[in-house]
Structures are given as C-alpha cells and as structure tokens.
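Listed below, chain by chain, are the residues.
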Amino acid sequence: MGGTMVFFWVTLAISVIGSNASGEFSILHSPDSLKFSGSSKTLESLLKEIYSASLGMSVEENADWNGLTIVDPFNTPEAVLEVYIDGVPSLGETAGLKTKNFPLIVDEYEPDTYDAVRHRIKQRFTNGGNTLVNIRLSDPDDLSSVSNVFGEVVPPKLSKQTYQYLKLNKDNEEDYLFLYELEVLKLLTAKVNSGAISADNIVDYYNIRFRSLHALSDFHGPNSMQTKEAKNLLAHALQELSDAFVKAYSGSVLVSAVTTDVAHTRRVRAAPELRADKLLEDVARQGNSSEIGNKEDNYTADYAAIFNIILWFSVVFAFALVAIVYAIMDMDPGRDSIIYRMTSTRMKKDN
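Predicted, not measured: the structure shown is a model, and the values here were computed from it. (Residues numbered from 1 in each chain as written. Predicted model: local features only at pLDDT ≥ 70, side-chain atom pairs only at ≥ 80, totals over all residues. Heavy atoms only, no water.)

As a further point, take the overall build of the chain. Along its length, the chain carries eleven helices and nine strands. Within the chain, contacts between residues at least 6 apart in sequence are counted, and of these 80% link residues at least 24 apart. For the chain, the exposed surface amounts to about 18,600 Å²; the carbon and sulfur share of it is 53%. (Helix = DSSP H or I, 4+ residues; strand = E, 2+ residues; numbered from the N terminus. Contact = heavy atoms within 4.5 Å. Areas by Shrake-Rupley, 256 points an atom, 1.4 Å probe, with all protein chains shown as cover.)

Written out as structure tokens, the structure reads:
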C-alpha cells in the first residue's frame, strides 16, 4: 500500500512539472553530407546525439529517431550552430524563415546539450583549437567572454526605431528586453559577415540562447499582435544569422533553432542584468557592460531551477512520509513483524 501511494505521488509530481512540455527542432541549413527528412518527433535529450553524429563523432545513446541520415560520413560539417529560444513552442509560419521542422518532446528539466557536445569535442580533438561558444544574449559578461571569437562586442545602444506593435520605452520592459537581445543577435551577425570567423578544418560548436521572447509572450499573450511581430523580427534575424554562418563556413555548417515552452524556461526576472531601467541608464552612459544590472535584485540565473527542485522535492517527500506512516500503522504486529522484534522487552529466539 505504502509503495503504491509513493509511486502515485511521485508520478503526479513529475506529470505536473512536465505538463505542456512541447517544442520544435528546426533546421535552417544543413550541408549535402546530411539529410534531414520526415517529421517524426525527437527528444530534447537526444539533441546532443544529433549534433555529435552530425559532426562525425560517436554517440552514447541509441535512438530510434530516423530524421537524420549521414549521406557522406567523410565530409561532415565543420561547425554546428544552435539557437535556443526560451518560452515558445514554435516560431510558427513566419515569413522568410525556411526550415525543416520536427516536433520536440521536452524530457529534460535543464538541457545539457552544450556541455555534452563540448565534452565530446574536447575528448575527440585533444590538440585543441576548436571554437566552443556558449552565449546568452542577455548577459553582458557572456558578450565580453567571446571577444576572442567575434571581436569586441559592445552592448548595443537601441535606436528609436518605429515598430508596428512593439514599444521601445521604459514602460514596456518586456518589449525593450526583447529588442535588446534582437540587436545583440544582429550585432553578432554583423561580426560574422565582417570575417570574425572562418573555416579552418577544425570542428566548432556555437550555442546561442535567446531568452526574452518568453516574458514578452507571457505579458502580451501568445496570440497577440506584439508576439507575432516579435516572432517575425526574430525569424528574420535568424535567417540573416544562418546566411552569415553559411557564408563563413562555405556551406559546411549545420544551423538549427530549438524552441521550447516548458517549466525550465526562465522568466527574464531571473536575470538581474536584464532590468530595463538599468539598461536604459547604462545605454545613456554609453553601454558600460561592467555596470549593467540591478544590484538590488539578488536573483541569479539558477534561482528558478533551484526553487523548483526544492519545492517539488519537498512535496514528494511530504507525501512519501505520509504514505510510510500509514503503511506502518496498517502493518500486522505479529511475531514475524519487525515491529514485534524491535519493540520487545527481551530477545526472542525461534525454537
């Protein structure tokens, strides 16, 4: 009885955490040595295997997914670019974005794709020289950390452009933060087009994380005109980024986008460097990245993950404890019972 109750509550907790966990795995460009076909679902935990196989490395997990075929194992792509977009299950039918899409089943609380692929590349290519980039567009520290790859990347000063629905002002923080990340993405595209990276016959891996669309979609609504305009703007920027990487690597690059709408996507509030009022002040001071952030907000990027881990562990532990107590209460205290043996006033021996 007790074991059944524990299993029930654990299953319920996992179901709540993983509810509405959906996404999309989109291929913007793949070289002739790879063929993506069909429309079968894939797991988010298998993305690291897909990227590893695409780069010609061995995989650690067997998968039944048949969406990828290695046409030429001797001419695999030189680089993989993954753009991870938090907070939306799909970019939808956006104009100008030519992709091959696969439904994505989100089965990981926090994907470890970058860490896994990075580890495999370092194990395979011990001589080094690989370009490994993991950047959150909202984090100025990440921008400064990739200066050796893209050159100096200064947080952009947003110009007073006119958008149809989005508002670039202090009162619309969600819009401002989205447009800020969008400008950073365009800045990286310009760096790539200027020759910051080039093919060198060494495997490279780029992971770029776009986080602010989640907050914008939640604030305005997933079907609002603001969200649709934001998706169109992001789709156009992704296509330009893809074209830049294809040109830089002479076509020998796999460009993909991953969208997810699941519990592990973090709201912008979890990133103190993203406060719009502070960003506006920093832009006025010519974008000093070392000062970007709201120092009165002590939230870290891991706050949401740690909170959910503690919350659901406490819930499961509490129900498990109740189930154990009820199971002990219903236990038969006979001679063969552990309760009889442990509570007896003297040792008893079987005759």
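Judged by how many residues are buried, strand β8 (residues 204–210) sits mostly within the fold: seven of seven residues are covered. Burial along β8 is two-sided: the residues D204, Y206, I208 and F210 and Y205, N207 and R209 are all buried. In this structure, strand β5 (residues 79–86) lies alongside β8, joined through seven bridges in parallel fashion. Its bridge partner being in β8, I85 is matched across the sheet by F210. Bridge count for strand β7 (residues 132–136) against β8 is five bridges, and the pairing is parallel. If you follow L132 over to β8, its bridge partner there is Y205. (Buried < 20%, exposed > 50% of the residue type's maximum accessible area, 1.4 Å probe, protein only. Pairing = 2+ DSSP bridges.)

Let us now look at helix α7 (residues 213–220). For α7, the complete set of buried residues consists of L213, H214, A215, L216 and S217. Where the residues of α7 are buried, they touch β5, α6 (173–193), β8 and α8 (225–248). Immediately downstream of α7, the backbone of G221 shows phi near 105 degrees, a positive value.

A word on the sheet that holds strand β3 (residues 42–43). Reading across from one edge, β3-β6-β1-β9-β5-β8-β7 is the order of the seven strands in this open sheet, with mixed pairing throughout. Sheet topology places β3 and β7 at the edges, where each strand pairs with a single neighbour.

As a further point, take the side chain of S256. Topologically, S256 is positioned in strand β9 (residues 253–261). Relative accessible area serves as the criterion here: at 1%, S256 is assigned to the buried category. For S256, the side chain forms a polar contact with the side chain of Y51, separated by 2.7 Å. Beyond its immediate chain neighbours, meaning those up to four positions away, S256 contacts F25, S26, I27, L28, Y51, L81, E82 and V83. (Polar contact = N/O pair within 3.5 Å; in protein donor to acceptor, adjacent residues only side chain to side chain.)

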